[in-house]
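The primary structure of each chain is shown beneath.
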Amino acid sequence: MKVGFIGLGQMGSGMAANLVRAGHSVTVFNRSREKTKPLVDLGATAAAEIAEACGGEVVISMLADDHAVENVAYGEGGIVASLAAGALHVSCSTIGVAQSRHLARAHAVAGQRYVAAPVFGRPEAAAAAKLFIMAAGGRDDLDTCMPLLDAMGQRVFVMSDQPEAANLVKLSGNFLIAAVIESLGEAMALVAKGGVDRHAYLEMLTSTLFGAPVYRTYGGFIADHKHEPAGFAAPLGLKDIRLALAAGEELRVPMPVASLLRDRFLTLLAHGGDHLDWSAIGQLAGKDAGSKS
Ligand code: NAP
């Protein structure tokens, strides 16, 4: 399939590479041009303008946040202005429900198609085509992009025929992950200050009632104090909690734990944590407890 890919960050670079490897004809665009080079070496074509990546049947975007999507999607030379009528935009970025709805309307007005397909999985999973993809949109639109989603992920979950529902599901998932990170941080601070080895404790947890990947991955980072390099940067974590709270506010769903998590991320960033992985909120409880390590 002739496909454009916009946004070659930690996630997008691996996802675009897997489309090339699957035999698709991929044209890539990134704001910082140098990130196109490894993709071109693999066989992709570099686009100098967003419009050049919008000449195919489908364009996929994987951008940081709502602001980045606004920059790339709207205005002269943006995705909406550049896609042909009937062509499909697949938005994989973790963006707000309201932004996703706005994008769906803009594409509909332009006679184009739109699917939201945010993902679970860190950059390693993106590179290995092991993402879990939450997809939502019209049946025909999903059918059109399914071969592309299959090339980037290990499983696609169709959540709704309303694209914004996929964004809501993704935000709910990141809220749960952040809640696990905070809880693990508190539990480890407790046992470590009581003299228990963090790694022995994590081994016990993950071998008994807490065997899920999220406990293994983030428990390991917290036990090792390893939050650099950031696979998912702390400012993006704050963004997702903020978006989950905004969705809760719109739907009149109080989320007291999410409100607490927002403050945890603010504490981390206020102390210079912008460059750290979001799992670094898992160290705050130890600091609050006055622990040295
Ligand atoms: P990233 O490495 O920071 O990449 C962000 C991408 O967005 C880059 O291509 C960047 O371009 C582009 N961008 C940022 N601001 C822009 C703007 N104003 N105009 C145009 N382009 C802009 O982020 P990532 O980790 O790949 O995450 C991408 C998305 O996936 C986010 O929505 C994130 O929440 C979500 N996600 C991430 C993970 C993870 O573990 N990392 C997992 C699941 C979902 P430049 O290269 O020029 O900066």
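Structure shown above.
Report on the accompanying structure. All values derive from a computational prediction rather than experimental measurement.

1. A closer look at the overall build of the chain
Then, number 1: In terms of helices and strands, the chain carries 13 helices and 9 strands.
Then, number 2: The C-alpha atoms of the chain give 20 Å as radius of gyration, which agrees with the globular expectation for 293 residues (19 Å, within 12%).
Then, number 3: Along the first, second and third principal axes, the C-alpha set of the chain runs to 65 × 45 × 35 Å.
Then, number 4: Looking at the 293 residues of the chain, the share that counts as buried comes to 52%.

2. A short note on helix H1 (residues 10-21)
Then, number 1: The end-to-end C-alpha separation of H1 is 18 Å, in line with the 16 Å expected for 12 residues at 1.5 Å each.
Then, number 2: In terms of residue burial, H1 counts as a mostly covered element, since 9 of its 12 residues are buried.
Then, number 3: Looking only at H1, the buried set comprises Met11, Gly12, Gly14, Met15, Ala16, Ala17, Asn18, Leu19 and Val20.
Then, number 4: The positive-phi residue at the C-terminal boundary of H1 is Gly23, with phi of around 95°.

3. As for the pattern of salt bridges
Then, number 1: All told, the structure shown has 10 salt bridges when counted by the stated rule.
Then, number 2: Between Asp141 and Arg113 there is a salt bridge, with the nearest N and O atoms lying 2.8 Å from each other. Highlighted residues: Asp141 in helix H7 (residues 139-152) and Arg113 in strand E6 (residues 113-116), separated in sequence by 28 residues.
Then, number 3: Residue Asp141 is classed as buried on the basis of its relative accessible area of 14%.
Then, number 4: Put simply, Arg264 and Asp288 hold a salt bridge, and the shortest N to O gap is 3.2 Å. Pair noted here: Arg264 is in helix H12 (residues 256-270) and Asp288 is in helix H13 (residues 284-288), with a separation of 24 residues, a long-range link.

4. Side note on the packing of helix H9 (residues 198-207) against helix H10 (residues 213-224)
Then, number 1: In the contact formed by H9 and H10, the axes pass within 10 Å of each other and the chain directions differ by 170°. Taken together, the axes of H9 and H10 lie roughly antiparallel to each other. Between H9 and H10, the residues in contact are Arg198, His199, Leu202 and Thr206 and Tyr215, Arg216, Gly219, Gly220, Ile222, Ala223 and Asp224, respectively.
Then, number 2: Looking at the contact of H9 with H10, its residues break down into 4 nonpolar, 4 polar and 3 charged.

5. Quick notes on the site of the ligand
Then, number 1: Around the ligand, 27 residues are found, and the nearest of them are Asn30, Ser32, Lys35, Gly231 and Lys239.
Then, number 2: Note that a nitrogen atom of the ligand is positioned 3.0 Å from one of the side-chain N or O atoms of Asn71.
Then, number 3: Look at the ligand: alone it shows 900 Å² of surface, and the protein chains cover 88% of it.
Then, number 4: Sorting the residues of the shell around the ligand by element identifies H1, helix H3 (66-73) and helix H11 (234-251) as the ones contributing at least two each.
Then, number 5: At 4 residues, H3 tops the list of elements feeding residues into the shell around the ligand.
Then, number 6: By residue class, the composition of the shell around the ligand is 11 nonpolar, 11 polar and 5 charged.

Each value, and the rule that gives it
- Residues numbered from 1 in each chain as written.
- Predicted model: local features only at pLDDT ≥ 70, side-chain atom pairs only at ≥ 80, totals over all residues.
- Heavy atoms only, no water.
- Helix = DSSP H or I, 4+ residues; strand = E, 2+ residues; numbered from the N terminus.
- Rg over C-alpha atoms; globule rule 2.2 N^0.38 Å.
- Buried < 20%, exposed > 50% of the residue type's maximum accessible area, 1.4 Å probe, protein only.
- Expected span 1.5 Å × (residues − 1).
- Salt bridge = Lys/Arg side-chain N within 4 Å of Asp/Glu carboxyl O.
- Axes fitted to C-alpha atoms, helices over the stretch in contact; angles between N-to-C directions.
- Parallel < 35°, antiparallel > 145°, perpendicular 65-115°, else oblique.
- Contact = heavy atoms within 4.5 Å.
- Nonpolar A, V, L, I, M, F, W, Y, C, P; charged D, E, K, R; others polar.
- Near = heavy atom within 4 Å.
- Polar contact = N/O pair within 3.5 Å; in protein donor to acceptor, adjacent residues only side chain to side chain.
- Areas by Shrake-Rupley, 256 points an atom, 1.4 Å probe, with all protein chains shown as cover.

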